[in-house]
Amino acid sequence: MGKQQQRRLRTLVVDGAVRRWTVRQRVLPAYDDCRLSLSFFTEGHRAGTGRRLTLVFAPGPLRIVSNTTYL
């Protein structure tokens, strides 16, 4: 799967509110350095008028980060 496919924006609609979201994964040889980022965007984020919320998941005690690909 190419990088463009991995970074595509998806749409989430809740009670009429439209949000765009994407998931990104950084896999490195050292598992402790792997990260999974889930980002939510409001309309206008590319023009600088919207907002972005990014949740970063990292391995740690009692935390596991998946090494799978999201389609």
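Residues numbered from 1 in each chain as written. Predicted model: local features only at pLDDT ≥ 70, side-chain atom pairs only at ≥ 80, totals over all residues. Heavy atoms only, no water.

### Quick notes on the sheet that holds strand E1 (residues 10-14)
- Reading across from one edge, E1-E2-E3-E4 is the order of the four strands in this open sheet, with antiparallel pairing throughout. Two strands in the sheet have a free side with no partner beyond their single neighbour: E1 and strand E4 (52-57). Neighbour-to-neighbour, the strand axes of this sheet turn through a mean angle of 25 degrees, independent of strand direction.
- Here E1 runs beside strand E2 (residues 17-26); their pairing, made up of five bridges, is antiparallel. Counterpart to Arg-10 in the pairing with E2 is Trp-21. (Pairing = 2+ DSSP bridges. Helix = DSSP H or I, 4+ residues; strand = E, 2+ residues; numbered from the N terminus. Axes fitted to C-alpha atoms, helices over the stretch in contact; angles between N-to-C directions.)

### What about the side chain of Arg-10?
- Of note, Arg-10 is situated in strand E1.
- For Arg-10, a relative accessible area of 10% puts it in the buried group.
- Here the side chain of Arg-10 touches Arg-8 through a polar contact of 3.4 Å, landing on its backbone oxygen. (Buried < 20%, exposed > 50% of the residue type's maximum accessible area, 1.4 Å probe, protein only. Polar contact = N/O pair within 3.5 Å; in protein donor to acceptor, adjacent residues only side chain to side chain.)

### Focus: the environment of Glu-43
- With respect to the helices and strands, the residue Glu-43 is situated in the loop between strand E3 (35-41) and E4.
- For Glu-43, a relative accessible area of 54% corresponds to the exposed category.
- For the pair Glu-43 and Arg-19, spaced 24 residues apart in sequence, the C-alpha separation works out to 7.0 Å.
- Residues in contact with Glu-43, not counting those within four places in the same chain, are Val-18, Arg-20 and Gly-50. (Contact = heavy atoms within 4.5 Å.)

### Notes on the pairing of E2
- Taking the residues that link successive antiparallel strands as the turn, the E1-E2 hairpin has two residues, and the phi of Asp-15 there is positive, at about 50 degrees.
- Relative to E3, E2 is paired through seven bridges, and the arrangement is antiparallel. If you follow Arg-20 over to E3, its bridge partner there is Phe-41.

### Regarding the confidence of the model for the protein chain
- Model confidence for the protein chain is summarised by a mean pLDDT of 78, while 76% of its residues fall at 70 or above.
- When pLDDT is averaged over each element of the protein chain, E1 comes out on top at 91 and helix H1 (residues 3-6) at the bottom at 54. (pLDDT = per-residue confidence, 0-100.)

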